Structure formats: structure tokens, C-alpha cells
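# Structural features, examined
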Amino acid sequence: MNILYTDDTICAIATAQGGAIGTIRVSGKEAISITDKIFTPAGGAPLSERKPYTLTFGHIMSENGEIVDEVLVSLFRGPHSYTGEDSTEISCHGSSYILQQVMQLLVKNGCRAAGPGEFTQRAFLNGKMDLSQAEAVADLIASTSAATHRMAMSQMRGGFSRELSALREKLLHLTSLMELELDFSDHEELEFADRSELSEIASQVETVINGLVHSFSVGNAIKNGIPVAIIGETNAGKSTLLNALLNEERAIVSDIHGTTRDVIEDTMNIDGVMFRFIDTAGIRETSDEIESIGIERSFQKLDQASIVLWVIDSTEAKAQIEALKDKVIPRCEGKKLILVMNKCDVTPDPAVFVSDTEIFFPENVCMETISISAKNRKGIAELQELLVKAAALPEVTQNDVVVSNIRHYEALTHALEAIHRVQDGLEMNLSGDLVSQDLRECLFHLAEIVGGEITNDEVLGNIFRNFCIGK
Ligand SMILES: Nc1nc2c(ncn2[C@@H]2O[C@H](COP(=O)(O)OP(=O)(O)OP(=O)(O)O)[C@@H](O)[C@H]2O)c(=O)[nH]1
Ligand SMILES: [Mg+2]
């Protein structure tokens, strides 16, 4: 699909199968005239002579004069439509046979069947919304919880875009001050904005970008689930615990040490909070190359998680804690760590271990202990309660700007690096043209998010490919 090919008229079924009503959208220069060719109004003028934003009842007629369906057609004229072009929406009875017949008639009369996201792509290209808003449309359709819905709604309505445009204003102001300095730098008698004022503006910009970058951990947790790494020695019962938490035999369990070689992930909603559980390869000394790679991944997942379930076989608790504490605990700084004493069915009194072991917990490791039997599903409900408590995601409202899209996060991270260089440059009294270069880079990365003139076809293609057809 040529991403910038928007001259033709497109059509698509916009509703899911199986409903009572099915809607077909048509958009493009000839949307109204093509719809007129297959639609006979029950009375009065053809669509092309009607006012926009009206509903017209009538029939879709087949080529041999048979009635395909009784329908309602809504009429929109560009630029005041979703795509910014002339559009119609044909509401039929929701039979997939009828919908296919109407699609075929449209195509025979000059429409092209739309690819995924093509309507929203046109809305973007016609300036109805920026790229971050277009992406929010997809998020809104995919939203499955109050929090994902609120984030997408705020982004689609332009909350994020407004924040970015305020940043852009500030940066442009800063750039113009810098450039003034450059233009007149030969005139030593002239005074320019003093650099502490420039630093102040740069620092305001830095604070906002930094806040946005940090909001991603919340946004990502809401969208993709809070990452919970399940780690521990081999045979501690990690995979058994994963299966218990997911209530499904997801991972292979066996009494052979080193059963799990690769990372296994799945999400589960507990009390309205989405968790992403990550079972990992058991940590032990090994000469097996593949197992070593698996163990490396276990540590990567531990680093990326916000909650860590350290599963310990309580029949050998003390030894297991001693063996791993130096590898695990320092990596848990800033995270919630839950020591899961497993196999409590075979250890009658598992209350002793932690106090019995000399462990140093850095101040910012928040640690809890719980005894369970993953195999007998004992203590799982209590563990779930602990998890929900540990999750403690802030309440997101429709007014909050929370970054949840990895593309935006990456662009913001680059913008943050650039503004840090600007700040350093100002502090070190670097020449204006060097600082200006970094300022322009910062602006460039912010513009990537909303899709300025620099956005290339490949980026657009990647974004809209993931949409559903008809949107
Ligand atoms: N008695 C008892 N046995 C358990 C419990 N949980 C797990 N097991 C057993 O412990 C053995 C290892 O379980 P897994 O879940 O495969 O352990 P793992 O930690 O995933 O092991 P690796 O993948 O090798 O790192 C299996 O034989 C399980 O049936 C439990 O609560 N009580
Ligand atoms: Mg396992």
C-alpha cells in the first residue's frame, strides 16, 4: 500500500462480525457519487443533492435490480468529517453476506477496499489530528480497562499534544534568543539575554520532558501489565507458581533442575489491576551454554520488573537465601520484593528463615515475606492480595498526560538527552551555534511524536499497519 496515496475513494466494513447492524464506511472524493450509484433513497433527492449530517433511508440495489438491503446512509462533507474528506456510512443489517455484497458493489463502482487504519491515516494527513492522537485512536479501540481507556481518551483529545506544543514554544523561544546572539556576536557592544535566563528556560523544558519520560513506567504498566519477575533457584517452584497465578498449565513443571530455559510471560487481571507475570530460568552455576543464556535473561527480566517474586524452596530456605542474596537484593533497589517461601506443605513451620539469615536490605527495597504451597494452590489468594497492594499504581484521570507508547517514550528519551546537552553547553559557556544544534535536535525529537513534516512513510506504515480495518 502506498502510504501517501489518498486520491482515491476507499471503503471498509467498520463493525465487528455478529452484531445486529453492520456499518460500511466510504471516504474520498467520490464517496457520495459512488454511494449514490448503489443506493436508492426511499423518497426525494439523491445523496449528492442532500445536506451533510443527515440520515437517509433507502435501499441498496444489486446490479440486476434486486434489493440487497434496507439501509440508513449518513452523509458527511469534507473537511468536516472524520477523515477530512467527503464520506458516507451505510448502516445495513449485520449479515456478513449483506455486508460483502455491499462492499462488492462499492468496489465495482470505483471504490478501493481500505487497508488497516487508512481512515485514520487520512485524518492525520488531512490535518484532522496529529500522529499521537491517531495512535490514541488505536489504543482507545483496544482499551480493556478504565485506566487504559482514560489514558487513550486523554491522548486522543489532545492532552499530550498540547503539552508538546507548549514545550515547542519554549524551545523555539530559546532558539531565537540563541540565534540573536549568533547574528550579532560580532558587535561586542551589544548585550544579549543573559545565559542564566536561558538556563532557566532550559531547566523548565527539562523538568517537563523528564516528567513525561518517567510517566512511561506507569503508562506502560497500565497498558501492558505491571511486570512481575518470578525468580529463584532451579526447582524452587517458579513455574508451578506461574501456573497457579494464571490458573492455567502455562509452563512445564518437572523435578528436573533447569526445566525452564527461556522466559515465559503472560498477563492476568487481579482485582482490576493488570499484571504481567514473567517466569524465568532458575539461577544456578551451570556449564550448559543455553541454560547460561536463559539465566542471563532471568537477570534482565529482574532488572525490568517493578515487582519481584523471589521463590525459595523452604525445605532449604537458609541455603537458598545465602546463595542468591548478593545477586538478587542489590538488583531490587527501587522495586517491591516479595520473598515467596514455597513448598510449605512439606515444611510445617516455615516462619524462621529470614530472621535467621543475615540479610542486608537497602533502604529502598520494600520487602515482604509469604509462605505458600504453589503445588497445592495454598496461599495464592494471599499472594494476590500482596501483589495488588504492591502494585499501587496512581489513579490516572482523563486530564493526566501519561506516556504509554514506546515510540513516544523513545523520542522523549532522545529529546531529554538533547536538552541535557543544551544545559551542559549553557553551563560551560559553549558557543551559541553548538548549543543551537542541540536545541534543534530536541525540537526534532518532539516533532517526531506528533508527526511533523519530517515523518517518513516507513514510520507511518509501521503505525497504521497495526490498526484494524475500517478505522
Ligand atoms: N511439595 C511441593 N512441591 C512443589 C511445590 N511447588 C513446586 N513443587 C515441585 O517442585 C518441582 C519443581 O517445580 P517447578 O515449578 O518446575 O520449579 P522451577 O522453579 O520452575 O524450576 P526450574 O524451571 O528448573 O528453574 C516440581 O516437581 C514441582 O511439582 C510445592 O508447593 N510443594
Ligand atoms: Mg521452571
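This structure is a prediction, so every number in the text was calculated from the model and none was measured.

### Considerations on the coordination of the magnesium ion (ligand 2)
Donor atoms from the polypeptide that bind the magnesium ion (ligand 2) are S239 (OG) and T260 (OG1), placed at 2.0 to 2.1 Å. Placement of the pair is S239 in helix α8 (residues 238-246) and T260 in the loop between α8 and β9 (264-270), with a sequence separation of 21 residues. The exposure class assigned to S239 is buried, which follows from its relative accessible area of 8%.

### Thoughts on the pairing of strand β8 (residues 226-232)
The element β8 is largely enclosed, with a buried count of seven among its seven residues. Because side chains alternate across β8, one face comprises the buried residues I226, V228, I230 and G232, and the other comprises P227, A229 and I231, equally buried. Pairing between β8 and strand β10 (residues 273-279): five bridges, direction parallel. Across the sheet, residue V228 finds its bridge partner in β10, namely F277. Bridge count between β8 and strand β11 (residues 307-313): five bridges; the pairing is parallel. Each bridged residue has a counterpart across the sheet, and for V228 the counterpart in β11 is I307.

### Overview of the domain arrangement of the protein chain
According to the domain assignment, the protein chain consists of domain 1 (10-129), domain 2 (141-220 + 405-451) and domain 3 (225-391). Of note, the centres of domain 2 and domain 3, computed from C-alpha atoms alone, are 40 Å apart.

### Some remarks on a nonpolar patch on the surface
Together, L55, F57 and L72 give the surface a local cluster of nonpolar side chains, amounting to about 290 Å² of exposed area. Along the chain, F57 turns up in strand β4 (residues 55-61). Its relative accessible area of 41% is what places F57 among the partly exposed residues.

### Topic: the site of ligand 1
Surveying the vicinity of ligand 1 reveals 23 residues, the closest of which are K238, T240, G258, T259 and T260. A distance of 2.8 Å separates an oxygen atom of ligand 1 from a polar atom in the backbone of G258. Measuring from an oxygen atom of ligand 1, one finds a backbone N or O atom of A374 at 3.0 Å. For ligand 1, the accessible surface in isolation is 640 Å², of which the surrounding protein chains cover 91%. When each cavity is represented as a set of grid points, ligand 1 is found to reside in the second largest pocket. Considering every element that reaches the shell around ligand 1, the biggest residue donor is α8, with three residues. Of the residues that constitute the shell around ligand 1, the class distribution is four nonpolar, 13 polar and six charged.

### Considerations on the side chain of S81
With respect to the helices and strands, the residue S81 is situated in the loop between β5 (67-76) and β6 (87-93). Look at S81 and you get buried, because its relative accessible area is 7%. Polar contacts involving the side chain of S81 include one to the main-chain amide nitrogen of G84, which spans 3.0 Å. What S81 contacts, discounting residues up to four positions off in sequence, is F76, S87 and K128.

### Digging into the pattern of salt bridges
In total, this model carries 23 salt bridges according to the counting rule given. Where E285 meets K327, a salt bridge forms, and the shortest distance between an N and an O atom there is 3.6 Å. You can see E285 sitting in the loop between β10 and α9 (289-304) and its partner K327 sitting in helix α10 (residues 317-328), a full 42 residues away along the chain. Between D303 and R331 there is a salt bridge, and its shortest N-O distance comes to 3.2 Å. Of this pair, D303 sits in helix α9 while R331 sits in the loop between α10 and β12 (336-342), placing them 28 residues apart in sequence. Connected via shared salt-bridge partners are D8, E85, R112, E118 and R122.

### A closer look at α9
Taking 1.5 Å of rise per residue, 16 residues should cover 22 Å, and α9 covers 23 Å from first to last C-alpha, within 8% of that figure. Looking only at α9, the buried set comprises E291, G294, I295, S298, F299, K301 and L302. Buried residues of α9, viewed axially, fall in a sector of 160 degrees; they line one side. The exposed set on the far side of α9, more than 90 degrees from its buried face, consists of E289, I290, E296 and Q304. Buried residues in α9 make contact with β8, β9, β10, β11 and α10. One side-chain oxygen at the N-terminal end of α9 lies 2.9 Å from the backbone nitrogen of I290; it belongs to D288.

### Points about the layout of surface pockets
Think of a ball as big as a water molecule: rolled over the atoms, this probe shows where empty space is left. Reported here for the largest pocket is a volume of approximately 630 Å³. Lining the largest pocket are 28 residues, with S217, N220, P227, Q304 and S306 positioned closest to its centre. Looking at which element gives the most residues to the lining of the largest pocket, the answer is helix α7 (residues 195-224), with eight residues. When grouped by side-chain class, the residues that make up the lining of the largest pocket number 15 nonpolar, eight polar and five charged. Put simply, the second largest pocket is a space of about 400 Å³. N235, G237, T240, S254 and K343 are the residues nearest the centre of the second largest pocket, which is lined by 22 residues in total. In terms of residues, the lining of the second largest pocket owes the most to one element, α8, which gives three residues. Classifying every residue of the lining of the second largest pocket by side-chain character gives five nonpolar, 12 polar and five charged.

Definitions and limits used
Residues numbered from 1 in each chain as written. Chains lettered and ligands numbered in written order. Predicted model: local features only at pLDDT ≥ 70, side-chain atom pairs only at ≥ 80, totals over all residues. Heavy atoms only, no water. Donors = N, O, S within 2.8 Å, 3.2 Å for Na, K, Ca; no water. Helix = DSSP H or I, 4+ residues; strand = E, 2+ residues; numbered from the N terminus. Buried < 20%, exposed > 50% of the residue type's maximum accessible area, 1.4 Å probe, protein only. Pairing = 2+ DSSP bridges. Domains from an automatic or database assignment. Patch = residues over 30% accessible without salt bridge, like charges linked within 9 Å, V, L, I, M, F, W, Y side chains within 5 Å. Areas by Shrake-Rupley, 256 points an atom, 1.4 Å probe, with all protein chains shown as cover. Salt bridge = Lys/Arg side-chain N within 4 Å of Asp/Glu carboxyl O. Near = heavy atom within 4 Å. Polar contact = N/O pair within 3.5 Å; in protein donor to acceptor, adjacent residues only side chain to side chain. 1 Å grid on protein atoms, 1.4 Å probe; cavity = no way out; pocket = protein on both sides within 12 Å on 5 of 7 lines; lining within 4 Å. Sits in = over half its atoms within 2 Å of the grid points. Nonpolar A, V, L, I, M, F, W, Y, C, P; charged D, E, K, R; others polar. Contact = heavy atoms within 4.5 Å. Expected span 1.5 Å × (residues − 1). Arc of directions from axis to C-beta. Points joined across faces, edges and corners; volume = space filled by probe spheres on them.

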